[in-house]
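Secondary and tertiary structure notes
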Amino acid sequence: MDRTDHTREIPREGWADYLALLTNMEKDHPVRIEVEGSDLGDQPLAQNLPLIEISLEEKGSDKGVVEIIAGRDDDEITHRILKPARIYADESESGELECLDIESAEDNTKTLIFFGEQLAR
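Below is a summary of the structure that appears in this document. Because the structure is predicted, anything quoted here is derived from the model rather than measured.

When helices and strands are tallied, the chain shows one helix and eight strands. Ordering the α and β elements of the chain from the N terminus gives β-α-β-β-β-β-β-β-β. Classification of the 121 residues of the chain by burial places 44% in the buried group. Put simply, of all contacts in the chain between residues at least 6 apart along the chain, 47% involve residues at least 24 apart. As displayed, the chain has an accessible area near 7200 Å², and 43% of this comes from carbon and sulfur atoms. For the chain, the centre of its 13 positive side-chain charges and the centre of its 30 negative side-chain charges are spaced 5 Å apart.

On to the pairing of strand E2 (residues 30–37). By the criterion of burial, E2 is predominantly enclosed, with seven of the eight residues buried. Note that E2 and strand E3 (residues 41–56) share seven bridges and pair antiparallel. Counted as the bridge partner of Gly-37 is Gly-41 from E3. The turn linking E2 back onto E3 is made up of three residues. Across seven bridges, E2 lies against strand E8 (residues 109–115) in antiparallel orientation. For Val-31, the partnering residue across the bridge sits in E8 and is Phe-115.

All right, on to the nonpolar core then. Counting residues in each nonpolar core, the largest one holds 25 residues, and the members touching the most others are Ile-54, Leu-100, Ile-113 and Phe-115. Counting only elements with at least two residues in this core, the list comes to helix H1 (15–26), E2, E3, strand E4 (66–72), strand E5 (75–81), strand E6 (84–91), strand E7 (97–104) and E8. Once you skip the residues sitting within four places of it in the chain, Ile-54 turns out to touch Leu-19, Ala-20, Leu-22, Thr-23, Val-66, Glu-67, Ile-68, Leu-100, Ile-113 and Phe-115.

Tracing the backbone through its elements, the reader meets Pro-44 in strand E3. Sequence spacing of Pro-44 and Glu-96 is 52 residues, and the spatial spacing of their C-alpha atoms is 23 Å.

Conventions used here
- Residues numbered from 1 in each chain as written.
- Predicted model: local features only at pLDDT ≥ 70, side-chain atom pairs only at ≥ 80, totals over all residues.
- Heavy atoms only, no water.
- Helix = DSSP H or I, 4+ residues; strand = E, 2+ residues; numbered from the N terminus.
- Buried < 20%, exposed > 50% of the residue type's maximum accessible area, 1.4 Å probe, protein only.
- Contact = heavy atoms within 4.5 Å.
- Areas by Shrake-Rupley, 256 points an atom, 1.4 Å probe, with all protein chains shown as cover.
- Lys, Arg positive; Asp, Glu negative; His and termini not counted.
- Charge placed at Lys NZ, Arg CZ, Asp CG, Glu CD.
- Pairing = 2+ DSSP bridges.
- Core = buried A, V, L, I, M, F, W, Y, C linked by side-chain atoms within 4.5 Å.

Honestly, it's all geometry; don't read function into it.
Shown next as structure tokens:
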């Protein structure tokens, strides 16, 4: 994703609160989830599934893991980023979140979560 004037990095110390707020605001809204990487190309994970939760594990052996859950009773996916390095929010000119970009330090991949009108592709 290109870094534009409408992209801002979320400070690491604010990840848990930001993801909790985002989950609260976007829960049950449809999302598209993709993983991009130089070794694997663009891999779609979910298309037009309602968001259930995006969270940062703050305790235990999974501390620091970002978990994304989307779906319905009959079709649910969970994607985990084991070593997130950076989180960027790409916003429209009006300030609405269009895409969340989570970069992994482990395998040089990016997980992209598209919201709203950015679903179509």
